[in-house]
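Residue strings, one per chain:
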Amino acid sequence: MSSQKPAVELSEKRLPLTVFTLAWPVVLQEAAWSILAMVIMVFIGHLGAEAITAVGLSEQIIFLPATAFAGISVGATAIVARHVGARDPEHANHTLRQAMLMAFVLGIAFALVLWFLAEELLWLFRARPEVIALGRDYIRANAPTTAFFFIVFGGEAIFRGAGDTRTPMIVVIVMEVIGTALAYILINGWGVVPQLGVFGAGIARAISSVVGGLMVLAFLIRGKGILKYDLRSALVFDWAETKRILRVGLPAFANNLQMRGAMSLYTIVISSLGTTIYAAHALAMRVEEFAFMPSWGFGVAATALVGQALGAKRPDLAKKAGYLTQRYCLVTMVSLGVITFAFGRQLIGLFVQDPEVIRIGALGLKIWAFAMPGMATNQSPVSYTHLTLPTKA
């Protein structure tokens, strides 16, 4: 047991302020995540619809492994939050070590899959031959850094469970600033650096993942709050703790698998309709990512607060935190839905000048605008908080 204070203070009176204190860094962090993808699309846009489609499909494939890791990250967040609420840093750090070990092992496994099956995966998504040639290089540029990406993903989960949303925000902002600068240089060329196009975009994202992974490890090894990553036991595998993380996180994995599977089938259908239509879809997805960010922010706030309240034996406060974040999220997402519906053409026009791509992309945003209230209910507060509600993790 420890007398160290957690990153957030559980108080019914201060609960609304605490929700926003936890949520805003996550929204800013998710914005930073998406900025690199959006900037790459802007830089790639002048290369044509084939380049846009190659990057869009490759991004879908690169992020597929994150579905498998989602269960681990959500389970780790919930369990760490419970231990932090119970003032039990020893067990919180034990969960940290197991989550990081799983991130490394799964990262290596998926790196091999992405490297050797890049072309086959693009073919599965119904990519045209010219798109496969570009997308293969993008995927292979990122494959070796998959473990670093998982470490960033897992580190975010651990920090958030401890109530620290600012540290992962800083990590991601640094990652994306570096990635954006490199993307500009490598895509377009600079001085002695040749113009690498889509391949340069892949290298920029890969380097940003390495930077982020190293930053997360540095923060955890040095110690942040009650969290401290002990490298002496980093490779010690504990099956009991792993099962505990998976038991809590598997519902999130199943939910993400079902959603990612549906999105993959949807992507295959859209890709089969032609390069222009998929390019419009890819750009609309970049805009939608920004609109979805508040749901993630409020969901993280709910996860940390519900988990810590349960750890502190305050189920009444846990319930109130969950419903409060739900209401805040609903109002925010509906407002963003109105904006995307009204200004779809202007938003797509930020990326490309092709009038047909703009027309189709804007139509897609109008349709997605009606999904915003559902996203507020499904994406984060409800689907994440129920994972922490069992009295035994």
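Bear in mind the structure is a predicted one, so any value in this text is a computation, not a measurement.

This brings us to the overall build of the protein chain. Per the secondary structure count, the protein chain includes 16 helices and 0 strands. In summary, the protein chain has a C-alpha radius of gyration of 21 Å against a globular reference of 21 Å for 393 residues, a match within 12%. The centroid of the 31 positive side-chain charges in the protein chain is displaced by 9 Å from the centroid of its 22 negative side-chain charges.

Time to look at the side chain of T167. For T167, the location among the structural elements is in helix α8 (residues 166-188). Those residues in contact with T167 that sit more than four places away from it in its chain are F159, F219 and K224.

Two numbers describe how helix α3 (residues 65-85) lies on helix α7 (residues 146-161): the axes approach to 7 Å, and their chain directions differ by 25 degrees. With respect to α7, the axis of α3 lies roughly parallel. Taken as a pair, α3 and α7 cross one another with a handedness that is right-handed. Counting all contacts with α3, which are made through P65, A66, F69, S73, A76, T77, V80, A81 and V84, the residues of α7 involved are F149, F150, F153, G154, A157, I158, R160 and G161.

Let us now look at the pattern of salt bridges. According to the stated counting rule, one finds 7 salt bridges in the structure shown. E59 serves as the salt-bridge partner of R205, at 2.7 Å between the closest nitrogen and oxygen. With a gap of 146 residues between them, R205 in helix α9 (residues 197-222) and E59 in helix α2 (residues 49-62) connect regions that are remote in the sequence. The residues R205 and E59 share a single accessibility class, namely buried. Of the charged contacts in the structure, one is a salt bridge between E119 and R136, with a shortest N-O distance of 2.9 Å. Of this pair, E119 sits in helix α5 (residues 118-124) while R136 sits in helix α6 (residues 129-142), and the two are 17 residues apart along the sequence.

Glancing now at the packing of aromatic side chains. Counted under the stated rule, the structure contains 11 aromatic pairs. Aromatic side chains F69 and F150 sit 4.9 Å apart centroid to centroid with 15 degrees between the ring planes, which places their arrangement in the stacked category. Residue F69 is located in helix α3, and its partner F150 is located in helix α7; the two are separated by 81 residues in the primary sequence. Residue classification places F150 among the buried residues on the basis of a relative accessible area of 0%. On the basis of an interplanar angle of 50 degrees and a centroid distance of 6.2 Å, the ring pair of F298 and Y328 is categorised as tilted. Here F298, found in helix α11 (residues 275-311), pairs with Y328, found in helix α12 (residues 315-342); they are 30 residues apart in sequence, far enough to count as distant. You can call F298 buried: its relative accessible area is 6%. Grouping aromatic residues by their ring pairs yields a cluster made of F63, F69, F110, F149, F150 and F153.

Okay, a nonpolar patch on the surface next. On the surface, a nonpolar cluster with roughly 740 Å² of combined accessible area is contributed by F104, V105, I108, L112, V113, W115, F116 and L117. Its location among the elements puts L117 in the loop between α4 (89-116) and α5. Judged by its relative accessible area of 38%, L117 is partly exposed.

Our next topic: the confidence of the model for the protein chain. Chain-level pLDDT for the protein chain is 83 on average; 92% of the residues reach the 70-or-more range. Across the protein chain, the secondary-structure element scoring lowest on mean pLDDT is helix α16 (residues 381-385), at 43, and the one scoring highest is α9, at 95.

Once that is clear, we can look at unusual backbone geometry. With phi around 55 degrees, R87 is a residue other than glycine that occupies positive phi space. For R87, the location among the structural elements is in the loop between α3 and α4. Despite not being glycine, R126 shows a phi value in the positive range, around 65 degrees. Inspection of the secondary structure puts R126 in the loop between α5 and α6.

Packing of α12 against helix α14 (residues 355-369) brings their axes to within 8 Å, and their N-to-C directions diverge by 155 degrees. One way to sum up the angle between α12 and α14 is to call them roughly antiparallel. In this structure, the crossing between α12 and α14 has a hand that is left-handed. Taken together, the residues of α14 that come into contact with α12 (itself represented by G337, T340 and F341) are L365, K366 and A369.

Let's shift gears to the nonpolar core. In terms of nonpolar packing, the biggest core is built from 45 residues, with I44, L283 and I348 touching the most fellow members. Excluding residues within four positions of it along the chain, I348 makes contact with L283, A284, V287, V357, I358, G361, A362 and L365. I79, I151, V152 and I158 belong to the second largest nonpolar core, which has 33 residues in total.

For the rest of this paragraph, the subject is empty space enclosed by the protein. Under the criterion given, the structure shown has 4 cavities of 30 Å³ or more. Taken as a whole, the largest cavity holds about 100 Å³ of empty space. In terms of lining residues, the largest cavity is bounded by 12 residues, among which I62, N142, T146, F149 and S209 are the most central. Of all the secondary structure elements, the ones that give two or more residues to the lining of the largest cavity are α7 and α9. Considering every element that reaches the lining of the largest cavity, the biggest residue donor is α7, with 3 residues. Across the lining of the largest cavity, the residue classes tally to 7 nonpolar, 4 polar and 1 charged.

Reading guide: rules and limits
Residues numbered from 1 in each chain as written. Predicted model: local features only at pLDDT ≥ 70, side-chain atom pairs only at ≥ 80, totals over all residues. Heavy atoms only, no water. Helix = DSSP H or I, 4+ residues; strand = E, 2+ residues; numbered from the N terminus. Rg over C-alpha atoms; globule rule 2.2 N^0.38 Å. Lys, Arg positive; Asp, Glu negative; His and termini not counted. Charge placed at Lys NZ, Arg CZ, Asp CG, Glu CD. Contact = heavy atoms within 4.5 Å. Axes fitted to C-alpha atoms, helices over the stretch in contact; angles between N-to-C directions. Parallel < 35°, antiparallel > 145°, perpendicular 65-115°, else oblique. Left-handed = near helix turned anticlockwise from the far one by under 90°. Salt bridge = Lys/Arg side-chain N within 4 Å of Asp/Glu carboxyl O. Buried < 20%, exposed > 50% of the residue type's maximum accessible area, 1.4 Å probe, protein only. Phe/Tyr/Trp six-rings, centres within 6.5 Å; stacked < 30°, edge-to-face > 60°. Patch = residues over 30% accessible without salt bridge, like charges linked within 9 Å, V, L, I, M, F, W, Y side chains within 5 Å. Areas by Shrake-Rupley, 256 points an atom, 1.4 Å probe, with all protein chains shown as cover. pLDDT = per-residue confidence, 0-100. Core = buried A, V, L, I, M, F, W, Y, C linked by side-chain atoms within 4.5 Å. 1 Å grid on protein atoms, 1.4 Å probe; cavity = no way out; pocket = protein on both sides within 12 Å on 5 of 7 lines; lining within 4 Å. Points joined across faces, edges and corners; volume = space filled by probe spheres on them. Nonpolar A, V, L, I, M, F, W, Y, C, P; charged D, E, K, R; others polar.

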